[in-house]
Amino acid sequence: MKKINKQLSSIIPLIALPQFLYILFLLFIPFTGLVVYSFWTSDFFEIDRTFTLFNYYFILFEEHLYLFLIFKSLFIGLKVAFVTIPIAFILSYILTFKFEKISNLLLGIVMVSTLSSYLIRIYAWKIILGEQGIINKFFLFLGIINQPFTFLLYGNFSIIITLVHILLPFAFLPIYSSMQNIDKQIVEASRDLGFGFLMTIFKVIIPLSFPGILAAFLFCFILSSADYVTPQLVGGADGVMIGRVIYDQFGHIGDPPLGSSIAVILLILFSFLFFLISIIYKIYKILKTKIRFLFLYNKIYKNNYFSYFLSRIPFGYIFLFLIIVFLYTPLFVIIILSFSSAKFASFPIEEFSLHWYFELFKDNVFHESLVASLIVGFIAVVGTFLLAMPTSFIFVRKKFILKKIFFLISLAPLFIPGIIIGISWIAGMGILDLRPGLYIVSSAHVLFCIPFFILIMRSRLMNFDLSIEEAARDLGSNPSRVLRTITFPIILPSIVGACILVFAVSLDEFIITNLVIGANSTIPTYIWGMMRYGLTPTANSLSSIMIIISVFLVILSSFIMKNQKTNIFAN
Amino acid sequence: MDSLLEEKGKVQVQGVSKLFGKTIALKNIDLIVEPGEFLTLLGPSGCGKTTLLRLISGLEEPTTGEILINGSKMNEIPPEKRPSNIVFQRYALFPHLNVWENIEYGLIAKGLDKNLIEKKINDVFDLVDMHDFKNRKIDQLSGGESQRIALARSLINEPDVLLLDEPLAALDLQLRKRMQVELRQIQKKLKTTFISVTHDQGEALAISDRVAVMNNGEIEQLETPDNTYKLPKNEFVASFVGESSFIKCKIIEVNNENLKVQILNTNYITNVINNQKNKLSINQEVEIMIRPELVEIDNQSGFEGIVTHKIFTGPFMRLFVKTTLDQEIIIDIKQTSDFDIGDKINLKIPNNSAIIVSSK
């Protein structure tokens, strides 16, 4: 028996088994349910469980709209990625190499905006870009136009700008983290050896941060092309994307099997692209040493006057300023509007009051949602901690056969679009005959929060000086006392910080929650309800409260982790 | 009982090898460290010296062989149960505890009485002269202070063997030299066995009773500092410890006490010391080694060379001289000499100042 245990633990340590099985059962088994669903048919929620290829035939050969929308969505995803990555790259670059001294502060500023609710940020763009929105009001005020622009909202433009806004911090993090590992002196050496500024970026910085760029690209591409909330709120009739179509099949259209088939096709395309990119990466790695960017060599700065002129402009400051304005304007717009007493809040605000805050607190559904959110958040924190704490340790300290695969599996909930996880849970629940409810939401949040927790803890543990533990052993402590008196107290701030972040993530999670919550509501689904049916101004006040809570939680967690060495995406 | 007392502080390493995967870190090491001795493991990085230290401390287990401390076998005994303590290279002070808490950590693990702990801590603060630092945080200590606290944290447990992993490597030169003296004084006072690891040959010679020069996972020579410097067994030891010049010679006379060699390509003959085990015969080619301070200048009877570089080092002038065989001889001369680069110079190897380091 002991021998078998030992064999098993060289494949995967026993202590990591709960989390491994959790992800396996709750992520991959629902997938199987989704695939099964895709071979069934449905007549307005009456599901016919006979195996048929009808859905696939229908999508591929009869109704071309779906394929068209799939490729349109992938194309939008590509556009978002190609806009976001360069911005994220420049931002990472100036934070790492130009604003090194205040980089922690700036990092905090970027991250705070990340964790303020996804839903609220989309909603904010709707307010900014709409016909009564700030931009139109501004141009009308200046007299440049006398009719409001209509192209701003409800179209690809608004979808892309919203998604860039949402994904920019997520794209920024992996690139920034991989740049953190670049030795400053390497960059200086490159300049010293005669390569100009641009050449150094192409020859040194891009190759060394390439894994981060790739991760950021996948993030942006996959998450934006399968988004269903953004198109629904700011997309209008022209901006329909495939995520929303899938969502509608599980919603008011009532054809989950068709939705499942579309999702399966989408997943196949994603994996194909993933495969393609990994091949490109391999080829790139081989060619890396051979490619020469000779065509760029020092041409840019040939003109001395021009180069002198360029060097006078504080590009870094301008760029940083624009990014911060871009990230924060939507949040401030919501907060300012929430103090308007008007029923249809718009600029300029005529009367300030706390009226809609009082209205909000009178609402019973709000109270229920708040309690539900707190309960779910608490369960998410406890569950995530119990499952992911042991695995964070083994990812850093143990060698085992499945390590790489297990790590990828653990991060999968981050890279798989929320809609796919959500509908596969619906399919799985349908097959197992489970009712939706808060317990389902909580377990979904644990699934979604595990990657966040692991990324933070793993990076903390990688920077943990093992000789400190050895010193404790040497001074007479057995392994369990070392854990209790040394390891745990030292990493405690990171654990607390990670738990707070998990709570914040859970508090804001909407995409999956909305699909599996059934008749209950959490704060984000409550906001969603208000936004969709009769836009009441209480949405603004609740959104403002949520923004402030998120900001507070992020600042709190980064304050607690202040002296802890963490670099989330460090290899 | 007597024999047990005699063995207290004794470390025996018997046929120990250590493999990391396929790389061999240590090859069949035998070593006896006597009670109360200050032994230094000296060698270039990657020679296995730190591995040997970690094996003694119990932080690693040997692949084969045995380690005995105080005469009892240590295999399978975890580090917390061994009568040894280690001072880590980067000190490994617990960052979440202050100075006092760091030092009492080992005593609390032993479950000592509070009053006793206090007394012991005060004693150890006396020893390392750190009384004002009791309530300091770890990140408020300088390198030298951290070093003393790490030392105190280990010494307070009264280990029979204290292991020091490059204890002074992180300190600047002046502080390092002062700490060498202090470390030696503390060791003499406590009469504890100290085993230290370093790649700094000056430090090894300065503080140790014996020096074990290591290379490629093996001990090349185990001797007193004096003999390590004067009678190196082979070229590696000679060149790793101190400055040295090598000269090719031919043996022309072998008597019991009298060994005469002739420097190749010259008529110069001198008496040398033999440190080789294998037998030497007349006309055999050997390599002799001489330290720079022993070479003399003698324009009457010396052999010829050309000065190629000269360096002023403070106490003396160091000349690099190329012989007719293209070998480089380093000499240190006291007087500010008139020699310049390119000058011809006649060198003298005084009798019994050079030593044979390799023979074919």
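A word on the overall build of chain A
Consideration 1: Per the secondary structure count, chain A includes 26 helices and two strands.
Consideration 2: Here chain A holds 571 residues, and 43% of them are scored as buried.
Consideration 3: Sequence-distant contacts, at least 24 apart, represent 80% of the contacts inside chain A between residues at least 6 apart.

As for the overall build of chain B
Consideration 1: Each helix and strand counted, chain B has nine helices and 20 strands in total.
Consideration 2: Each principal axis of the C-alpha distribution contributes one length, and for chain B these read about 75 × 45 × 40 Å.
Consideration 3: Looking at chain B as a whole, 39% of its 360 residues qualify as buried.
Consideration 4: If you take every contact in chain B between residues at least 6 apart in sequence, the share linking residues at least 24 apart comes to 67%.

Observations regarding the interface of chain A and chain B
Consideration 1: Across the boundary between the two partners, chain A contributes 16 residues, which contact 18 residues of chain B.
Consideration 2: Every element with two or more residues in the side of chain A that touches chain B is listed here: helix H22 (466-474) and helix H23 (479-508) of chain A.
Consideration 3: Take the side of chain A that touches chain B: its biggest share by element is seven residues, from H22(A).
Consideration 4: Considered class by class, the residues forming the side of chain A that touches chain B number seven nonpolar, four polar and five charged.

Description of the sheet that holds strand E9 (residues 210-215) of chain B
In any sheet, the strands associate via hydrogen bonds between backbone groups, in a parallel or an antiparallel arrangement.
Residue and element names in this part refer to chain B.
Consideration 1: As summarised here, the arrangement of the six strands in space is E6-E7-E8-E3-E9-E10, forming an open sheet in which the pairing is mixed. The two strands at the open ends of the sheet, each matched to only one other strand, are strand E6 (84-87) and strand E10 (218-223). Neighbour-to-neighbour, the strand axes of the sheet open up by a mean angle of 20°, direction not taken into account.
Consideration 2: On top of the sheet, helix H5 (residues 143-155) reaches E6 and strand E7 (161-165); it is set at about 175° to E6, its chief contact.

Remarks on the sheet that holds strand E14 (residues 285-290) of chain B
Residues and elements named next belong to chain B.
Consideration 1: Judged by pairing direction, the barrel is mixed, and its five strands sit side by side in the order E11-E12-E13-E20-E14 before closing back on the first. Adjacent strand axes in the sheet meet at a mean angle of 55°, parallel and antiparallel pairs treated alike.
Consideration 2: Where strand E12 (residues 259-263) lies against strand E13 (residues 269-274), three bridges are found, and the strand directions are antiparallel. Bridged to Lys260 within E13 is Asn271.

Concerning the nonpolar core
Consideration 1: Ranked by internal contacts, the top residues of the largest apolar core, which has 138 residues, are A:Cys220 and A:Val502.
Consideration 2: For this core, the leading source of residues is helix H21 (residues 438-462) of chain A, giving 15 residues.
Consideration 3: Not counting the four nearest positions on each side in its chain, A:Cys220 is found in contact with A:Val80, A:Ala81, A:Thr84, A:Ile85, A:Leu167 and A:Ala171.
Consideration 4: Within the second largest apolar cluster, 91 residues are counted, among which are B:Val16, B:Val213, B:Phe240 and B:Ile355.

Some remarks on the domain arrangement of chain B
Residues and elements named next belong to chain B.
Consideration 1: Assigned domains within chain B: domain 1 (2-239) and domain 2 (244-359).
Consideration 2: With centres defined by C-alpha atoms, the gap from domain 1 to domain 2 works out at 39 Å.
Consideration 3: With seven residues of domain 1 in contact, the opposing surface of domain 2 contributes seven residues.
Consideration 4: The class makeup of the residues in the side of domain 1 that touches domain 2 is three nonpolar, two polar and two charged.

Quick word on the pairing of strand E2 (residues 23-33) of chain B
Residues and elements named next belong to chain B.
Consideration 1: Note: strand E1 (residues 11-20) against E2, seven bridges, orientation antiparallel. Of the residues in E2, the one forming a bridge with Gln12 is Ile32.
Consideration 2: Counting the residues that bridge the hairpin from E1 to E2 gives two residues, and of these Gly21 lies at a positive phi of roughly 65°.

Description of the packing of helix H8 (residues 156-180) of chain A against helix H11 (residues 210-225) of chain A
Residues and elements named next belong to chain A.
Consideration 1: Contact pair H8 / H11: the axes reach a minimum separation of 7 Å and the direction vectors enclose 160°. Looking at the two axes, H8 sits roughly antiparallel to H11. In this structure, H8 crosses over H11, and the sense of that crossing is right-handed. Counting all contacts with H8, which are made through Leu163, Leu167, Phe170, Ala171, Pro174, Ile175, Ser177 and Ser178, the residues of H11 involved are Pro211, Gly212, Ile213, Ala215, Ala216, Phe219, Cys220, Leu223 and Ser224.
Consideration 2: Class assignment of the residues belonging to the contact of H8 with H11 gives a composition of 13 nonpolar, four polar and no charged.

Notes on the packing of H22(A) against H23(A)
A pair of packed helices is characterised by two quantities: the angle between their axes and the separation of those axes.
Residue and element names in this part refer to chain A.
Consideration 1: The geometry of H22 relative to H23 is characterised by a closest axis approach of 10 Å and an angle of 135° between their N-to-C directions. By the angle between their axes, H22 is oblique relative to H23. Along this stretch, H22 crosses H23, giving a crossing that reads as right-handed. Judged by residue contacts, Ile468, Glu469, Ala472 and Arg473 of H22 engage Val482, Thr485, Ile486 and Thr487 from H23.
Consideration 2: In the contact of H22 with H23, the residues fall into four nonpolar, two polar and two charged.

Structural notes on the pairing of strand E20 (residues 354-359) of chain B
All names here are of chain B.
Consideration 1: Examined bridge by bridge, E13 and E20 share three bridges and lie parallel to one another. Note on E20: the bridge partner recorded for Ile273 is Ile355.
Consideration 2: The pairing of E14 with E20 spans four bridges and is classified as antiparallel. The residue bridging Ile288 from the neighbouring strand is Ile356, located in E20.

What counts, and at which threshold
- Residues numbered from 1 in each chain as written.
- Chains lettered and ligands numbered in written order.
- Predicted model: local features only at pLDDT ≥ 70, side-chain atom pairs only at ≥ 80, totals over all residues.
- Helix = DSSP H or I, 4+ residues; strand = E, 2+ residues; numbered from the N terminus.
- Buried ≥ 20, exposed ≤ 12 C-beta atoms within 10 Å, placed from the backbone.
- Contact = placed C-beta atoms within 7 Å.
- Nonpolar A, V, L, I, M, F, W, Y, C, P; charged D, E, K, R; others polar.
- Pairing = 2+ DSSP bridges.
- Axes fitted to C-alpha atoms, helices over the stretch in contact; angles between N-to-C directions.
- Core = buried A, V, L, I, M, F, W, Y, C linked by C-beta atoms within 7 Å.
- Domains from an automatic or database assignment.
- Parallel < 35°, antiparallel > 145°, perpendicular 65-115°, else oblique.
- Left-handed = near helix turned anticlockwise from the far one by under 90°.

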